[in-house]
Amino acid sequence: MSAPAGAGVRSAARARIAARTLRTDRWWQTPALTVLGLAAFIVYATVRSFTRSAYWVDEYHYLTPFYSPCVSASCLPGSSHFGVWVGELPRWIPLAFVSLPFLLLFRLTCYYYRKAYYRSFWLSPPACGVAEPHRTYTGETRFPLIVQNSHRYFFYIGFVISLVNTYDAILAFHSPSGFGFGLGNVILVVNVILLWGYTLSCHSCRHVTGGRLKHFSKHPVRYKIWTFVSKINARHMQFAWITLGTLVLTDFYIMLVASGTISDLRFIG
Ligand code: FES
């Protein structure tokens, strides 16, 4: 793949350099790892979201985040923490149909993930200082990419879903004799804390909490919140990847316990 003739670095007025890039480092490594990481998560999450097995541990009230909230009559007894809103669902509708599409759109329109997939999947650009394979570029000025501007609404929904996940994690402190505490609780709670880290470090969160203000001196509380959000916002990329990992780990652990493959390490109850 080379830069299109007559465009970009191959324009008539530019210095004549035949190579697509003069970089000698492994600039393709980051986009390649991004494709692998995102593809692996998408395959795992899709398979698990549709299999409808081993997602609820009735003994300890562990519910995997891929099935939360579970609001249909197809859900296992006890797993519907917010009631049953609809009847049986056909196999092609995931049981967490209320949250999964919004979580997907929340991450798809995320500023960090946009950078990641524009580079790695769309090669726009593949890396700094590496010519693009595209002849034209309209950025996010047209449909469908102009819709990325709706990210803040998915942030609001993501915020509510984080509350739902928090509620699930609290309900999971359960055992057949009442209160319970096991390794599953540690995993669920760590996952929820990191999900909050990802959600609150969102660029839209930074904007709505205080970023759009002009005079911080007139808004001391919002200034404090904005300062905190800005601090974690600097780690947004790390939160984005870490939470993909903790989501898979949490689901995987609950799957192992729910299927009886391993038993939960219990501290209390
Ligand atoms: S910018 Fe990444 S979640 Fe909002």
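Residues numbered from 1 in each chain as written. Predicted model: local features only at pLDDT ≥ 70, side-chain atom pairs only at ≥ 80, totals over all residues. Heavy atoms only, no water.

Engineer: Please give an account of the overall build of the chain that cites residues and values.
Structural biologist: Across its full length, the chain holds eight helices and four strands. Counting from the amino terminus, helix and strand elements in the chain follow one another as α-β-β-α-α-α-β-α-α-α-α-β. Of all intrachain contacts in the chain linking residues separated by at least 6 positions in sequence, the fraction that spans at least 24 positions is 66%. When the accessible area of the chain is evaluated, it comes to approximately 15000 Å², of which 68% is carbon and sulfur surface. (Helix = DSSP H or I, 4+ residues; strand = E, 2+ residues; numbered from the N terminus. Contact = heavy atoms within 4.5 Å. Areas by Shrake-Rupley, 256 points an atom, 1.4 Å probe, with all protein chains shown as cover.)

Engineer: So what's going on with the layout of surface pockets? Residues and values would help.
Structural biologist: By volume, the largest pocket is sized at about 780 Å³. Along the wall of the largest pocket there are 29 residues; nearest its centre are Phe41, Ala45, Leu103, Leu104 and Arg107. Among the elements of the structure, helix H1 (29–51), helix H2 (100–108), helix H3 (111–120), helix H4 (151–171), helix H5 (183–200) and helix H8 (236–258) are those that each provide at least two residues to the lining of the largest pocket. (1 Å grid on protein atoms, 1.4 Å probe; cavity = no way out; pocket = protein on both sides within 12 Å on 5 of 7 lines; lining within 4 Å. Points joined across faces, edges and corners; volume = space filled by probe spheres on them.)

Engineer: Describe the state of the cysteines, naming the residues involved and giving the relevant values.
Structural biologist: For the structure on display, the rule yields one disulfide. Put simply, Cys70 and Cys75 are joined by a disulfide, and their sulfur atoms are 2.2 Å apart. Here the S-S torsion is close to -95 degrees, and the disulfide linking Cys70 with Cys75 is therefore left-handed. One exposure class covers both Cys70 and Cys75, and it is buried. (Disulfide = S-S within 2.5 Å. Buried < 20%, exposed > 50% of the residue type's maximum accessible area, 1.4 Å probe, protein only.)

Engineer: Which residues make up a nonpolar patch on the surface, and what values do they have?
Structural biologist: On the surface, a nonpolar cluster with roughly 540 Å² of combined accessible area is contributed by Phe179, Val186, Val190, Leu265, Phe267 and Ile268. Those elements giving two or more residues to the nonpolar patch turn out to be H5 and strand S4 (266–268). Note that Ile268 resides in strand S4. (Patch = residues over 30% accessible without salt bridge, like charges linked within 9 Å, V, L, I, M, F, W, Y side chains within 5 Å. Salt bridge = Lys/Arg side-chain N within 4 Å of Asp/Glu carboxyl O.)

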